[in-house]
Amino acid sequence: MNTAPSVIVFDVNETLSDMSPMGARFSEAGAPAELARLWFATLLRDGFALTASGDNGSFAGIGKEALRGLLTGVELNRDLDAAVEHIMDGMTGLGLHPDVPEGIRALTAAGFRLITLSNGPARIAGKLFTAAGIRDAFEMLLSVEDAPAWKPARASYAYAATTAGTDAGRMLLVAVHPWDIHGAARAGLRTAWLNRTGAAYPGHFEAPEFTITSLPDLPTALATAG
């Protein structure tokens, strides 16, 4: 029987934060709203490529360069630099998914230590949680900016375990991204896939130990598993 996890590690972008308003930021700059999803996928792709080659890039720096590439040739209502800044500023004003505050409070009440491990800056997570009134629930906010590599590299999860003062096997990663689940599982963490959309989990990735559709379901799932 697996030892119960004591530390819950949260991905932030899309897992806790609702990034759907980013489409409006593109529209406000004169660009198609659907570019928001392509932009974020491009940002992750380039961050993963740098990680695979032994580098650790800046989330903001990569995000801006990805925007410049996608917006080149688009008929904007402002100059390119202003459009890039306007869209990037949207990342600091996002809110949480509706299920998050209740789920975080339930996990805190159940006695779990809560931390984050984001490929984005920790300050964005801090602002997000403070605005929602749940900042005190998190023991620490970690970013791969201070780690050897981005997720899903093993070194990023090892960094989180070392910083939290625990073994990887006592940690459980919660994420909406299957690639994050796979990386964490390979690094020895337990995993919970937050599947809000009803999507099928990719068979080429390591399967999650738990699958939930709403964050408040996690404490019950963990308690049932013993």
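Let us look at the structure shown here.

**Considering the packing of helix H2 (residues 35-52) against helix H3 (residues 59-71)**
Two numbers describe how H2 lies on H3: the axes approach to 9 Å, and their chain directions differ by 130 degrees. Relative to H3, the element H2 is oriented oblique. In the crossing of H2 with H3, the sense of the turn from one axis to the other is right-handed. Judged by residue contacts, Leu-35, Leu-38, Trp-39, Phe-40, Thr-42, Leu-43, Asp-46, Gly-47 and Leu-50 of H2 engage Phe-59, Ile-62, Gly-63, Ala-66, Leu-67, Leu-70 and Leu-71 from H3. Of the residues belonging to the contact of H2 with H3, the class tally is 12 nonpolar, three polar and one charged.

**What about H3?**
Because each turn of an α-helix spans 3.6 residues, side chains separated by three or four positions end up pointing in the same direction. An ideal rise of 1.5 Å per residue puts 18 Å on 13 residues; H3 measures up with 18 Å between its terminal C-alpha atoms. Of the positions making up H3, those classed as buried are Phe-59, Ile-62, Gly-63, Ala-66, Leu-67 and Leu-71. For H3, the buried positions fall inside an angular range of 150 degrees around the axis, keeping them on one side. Looking at H3, the residues exposed on the side facing more than 90 degrees away from the buried face are Glu-65 and Gly-69.

About the criteria used
- Throughout this document, residue positions are counted from 1 along each chain, in the order its sequence is written.
- This being a predicted model, a pLDDT of at least 70 is required before a residue's local features are given, and a value of 80 or more before pairs of side-chain atoms are given or counted; all residues contribute to the totals for chains, interfaces and linings.
- Working from all heavy atoms in the structure, the side-chain values ignore hydrogens and water.
- Lines are fitted to the C-alpha atoms to define the axes, a helix being fitted only along its stretch in contact, and any angle between axes, read from their N-to-C directions, falls within 0 to 180 degrees.
- Only DSSP runs of H or I reaching four residues or more are called helices, and only runs of E reaching two or more are called strands; each is numbered from the N terminus.
- In what follows, roughly perpendicular refers to angles from 65 to 115 degrees, roughly parallel to angles under 35, roughly antiparallel to angles over 145, and oblique to any angle outside these ranges.
- Helix crossings fall into two classes, left-handed where the near helix is turned counterclockwise from the far one by less than a right angle and right-handed where it is turned clockwise.
- Residue contacts are counted whenever heavy atoms from the two residues lie within 4.5 Å of one another.
- For this classification, Asp, Glu, Lys and Arg are treated as charged, while Ala, Val, Leu, Ile, Met, Phe, Trp, Tyr, Cys and Pro are nonpolar and the rest, including Gly, are polar.
- Given a helix with a known number of residues, its expected span is that number minus one, times 1.5 Å.
- Only protein chains enter the accessibility calculation, which uses a 1.4 Å probe; a residue whose area is less than 20% of its type maximum is buried, one above 50% is exposed, and one in between is partly exposed.
- The arc under discussion is defined with respect to the helix axis, by the directions toward the C-beta atoms.

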